[in-house]
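# Summary of the model geometry
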Amino acid sequence: MQKVNELLTEESIEASAWEAIEKSIIYYKGRPVGTVAAYDVSVEALNYDQCFVRDFVSSALLFLIKGRTEIVRNFLEETLKLQPKERQLDAYKPGRGLIPASFKVVSDNGEEYLEADFGEHAIARVTPVDSCLWWIILLHSYVVATKDFSLAYQPEFQTGIRLIMEICLANRFDMYPTLLVPDGACMIDRRLGIYGHPLELQVLFYAALRAAREMLICQGNQDVVEAIDNRLPLLCAHIRQHYWIDINRLNAIYRFKSEEYGKTAVNLFNIYVDSIPYYELDKWLPKKGGYLAGNVGPSQLDTRFFALGNLMAVISDLATEEQAQSIMSLIEERWEDLVGDMPMKICYPALEDEEYRIVTGCDPKNIPWSYHNAGSWPVLMWMLTAAAIKTNKPYLASKAIEIAQARLLEDEWPEYYDGKKGRLIGKQSRKYQTWTIAGFLLAKELMKDQSYLSLVRFDQLPSELVSRACEFEINSVDTSISI
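All values reported here derive from a predicted model rather than from experimental measurement.

### Some words on the overall build of the protein
Helices and strands together make up the secondary structure of the protein, namely 18 helices and 11 strands. Over its C-alpha atoms the protein spans a radius of gyration of 22 Å, differing by no more than 12% from the 23 Å that the globule rule assigns to 483 residues. Projected onto its principal axes, the C-alpha coordinates of the protein cover approximately 65 × 55 × 45 Å. Relative to its full complement of 483 residues, the protein shows a buried share of 59%. Total accessible area computed for the protein in this model is approximately 20,900 Å², and 51% of it derives from carbon and sulfur atoms. In the protein, 50 positive and 66 negative side-chain charges are present, and the distance between their average locations comes to 2 Å.

The structure is reproduced here in structure tokens:
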């Protein structure tokens with residue numbers, strides 16, 4: 001009898017979740033084109049009534065699984081139309097190739113049109129980098145799910161992919177294979193000390209390169225394909241080597257010498273010993289656990305654990321098989337820290353005290369253990385589930401889903417949770433947050449049928465490409481394209 005009641009409760013939770021998803025769908029000229037960020041009628045909408053590209057991904061994957069491909073196709077087509085195709089002389093205008101952060105349907109004299117936001121109206125006016133990358137990844141997922149290669153092969157889609165790749169692979173002032181971006185350019189869209197080469201964007205960049213490489217077929221794209229083939233192995237090797245932290249790597253860094261010059265330098269980024277919290281990491285790192293650092297750059301090794309970057313590195317096969325197992329072992333061993341009472345922490349640990357004040361600028365929304373400063377985000381549950389399945393640890397996903405299932409419906413599907421264990425509903429969290437709902441349902445679907453993992457994963461990078469990374473010094477290969 002108890003088992004029947006549990007099943008009924010589980011079914012009612014899923015039914016309520018699907019009902020909320022249906023309410024969130026945005027229609028444009030009678031066609032579904034996306035989902036609103038949140039459907040919380042108790043507070044002012046602000047920009048939560050818009051469809052955000054990064055937010056829609058979890059909903060889109062769910063729609064693809066359920067065979068509701070029309071909404072995903074419409075989304076891809078309409079957002080592509082919003083992409084600027086011409087060069088801009090005005091620095092305050094969105095650059096050619098950008099995909100907007102969000103859009104909304106606007107009516108004027110009975111006519112509907114889509115109004116795009118490229119960051120002009122966002123907090124701190126930061127243009128998102130991840131929208132372009134997620135758009136390509138989602139297009140690839142659509143092709144995998146529907147086998148409709150014709151969409152990606154349409155001239156306008158080939159041009160759209162190419163323009164995004166031109167932004168990503170263009171000549172810049174840095175000579176790393178990673179993307180150089182400002183603070184706030186991804187899911188962590190407020191100041192949190194991730195400027196430079198944050199892990200999240202490097203992993204999405206890798207996945208987008210893999211996706212673009214598979215979909216670019218037009219004769220005029222040979223230069224882009226060649227640039228991708230040059231960049232991929234270097235990016236892959238760079239992340240796997242320089243971002244990796246485990247107890248062995250920590251021991252090596254601990255004994256680094258600084259102020260080294262020339263090609264024989266071991267401490268390539270001139271990391272200063274006193275900038276790394278060795279003793280805290282020594283206590284926290286399990287013997288068989290490891291993870292990818294949050295950021296690497298000049299005299300910078302950000303040792304915070306960032307969930308999205310690490311989980312997507314596992315899912316997309318950027319992390320080696322051994323590294324993927326170590327990442328999931330770390331999550332398992334440090335479950336109370338990284339998952340606690342609500343899957344899961346966006347980063348760990350939180351910035352506190354003077355460091356919080358300096359790095360965040362005393363951001364009242366990013367107080368310690370809240371929002372992006374180590375808050376708990378249920379949307380990450382689908383990535384945790386996918387990574388757990390990928391590494392043959394589905395029991396971790398089951399445990400996380402069980403924890404979330406006990407609270408999310410009762411708490412009205414909040415955007416995020418606060419506190420060291422995620423017990424408090426976020427102070428400024430919206431209720432009925434669409435990607436919270438979709439993330440939960442997507443995790444459930446992945447557990448029902450693990451073959452759906454093919455929508456977001458890639459095969460291991462071909463060995464011939466990986467071997468090329470060993471043939472060159474990072475700074476000796478031009479991995480850009482001329483635009």
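### Some details on the packing of aromatic side chains
What describes a pair of aromatic rings is the distance from one ring centre to the other and the angle between the planes of the rings. Under the criterion given, the structure shown has 16 aromatic pairs. Between Tyr176 and Phe269 the ring centres are 5.6 Å apart and the planes differ by 50°, which places this aromatic pair in the tilted class. With Tyr176 in the loop between helix 6 (155-169) and helix 7 (199-215) and Phe269 in the loop between helix 9 (247-254) and helix 10 (278-284), this pair connects stretches of sequence that are 93 residues apart. Taking the centre distance of 5.4 Å and the plane angle of 50° together, the rings of Tyr371 and Trp377 count as tilted. Of the two residues examined, Tyr371 and Trp377, each falls in the buried class.

### Overview of the nonpolar core
Among the nonpolar cores identified, the biggest contains 159 residues, and Leu76, Trp135, Ile136, Met165, Ile331 and Met344 are the most heavily contacted of them. The element best represented in this core is helix 7, accounting for 12 residues.

### Notes on the sheet that holds strand 3 (residues 51-52)
Pairing is antiparallel across the open sheet formed by 3 strands, whose spatial order is 3-4-5. In the strand order of this sheet, the two ends are held by strand 3 and strand 5 (111-117), each with one partner. In this structure, strand 3 lies alongside strand 4 (residues 102-108), joined through 2 bridges in antiparallel fashion. Residue pairing across strands places Phe52 opposite Ser102, the latter belonging to strand 4.

### Looking at the packing of helix 3 (residues 69-82) against helix 6
One can describe the packing of helix 3 onto helix 6 by two numbers: an axis separation of 11 Å at closest approach and a directional angle of 65°. Judged by the twist between their axes, the crossing of helix 3 over helix 6 is left-handed. Here Leu76, Glu77 and Leu80 of helix 3 come into contact with helix 6, specifically with Glu156, Phe157 and Gly160.

### Quick word on unusual backbone geometry
Here the residue pair Pro343 and Met344 is connected by a cis peptide bond, since its omega of -20° sits within 30 degrees of zero. If you trace the backbone, Met344 turns up in the loop between helix 13 (335-338) and strand 9 (347-348). Cis geometry is found at the peptide bond from Tyr348 to Pro349, where omega equals -5°. In this structure, Ser299 is a non-glycine residue whose phi angle is positive, near 55°. On the secondary structure map, Ser299 appears in the loop between strand 7 (290-297) and strand 8 (300-306). Judged by relative accessible area, which is 32%, Ser299 ranks as partly exposed. In the Ramachandran plot, Trp369 falls in the positive-phi region, its phi being about 70° despite a non-glycine side chain. With respect to the helices and strands, Trp369 occurs in the loop between helix 14 (353-360) and helix 15 (381-390). Here Trp369 falls in the buried class, since its relative accessible area comes to 10%.

Reading guide: rules and limits
- Residues numbered from 1 in each chain as written.
- Predicted model: local features only at pLDDT ≥ 70, side-chain atom pairs only at ≥ 80, totals over all residues.
- Heavy atoms only, no water.
- Helix = DSSP H or I, 4+ residues; strand = E, 2+ residues; numbered from the N terminus.
- Rg over C-alpha atoms; globule rule 2.2 N^0.38 Å.
- Buried < 20%, exposed > 50% of the residue type's maximum accessible area, 1.4 Å probe, protein only.
- Areas by Shrake-Rupley, 256 points an atom, 1.4 Å probe, with all protein chains shown as cover.
- Lys, Arg positive; Asp, Glu negative; His and termini not counted.
- Charge placed at Lys NZ, Arg CZ, Asp CG, Glu CD.
- Phe/Tyr/Trp six-rings, centres within 6.5 Å; stacked < 30°, edge-to-face > 60°.
- Core = buried A, V, L, I, M, F, W, Y, C linked by side-chain atoms within 4.5 Å.
- Pairing = 2+ DSSP bridges.
- Axes fitted to C-alpha atoms, helices over the stretch in contact; angles between N-to-C directions.
- Left-handed = near helix turned anticlockwise from the far one by under 90°.
- Contact = heavy atoms within 4.5 Å.

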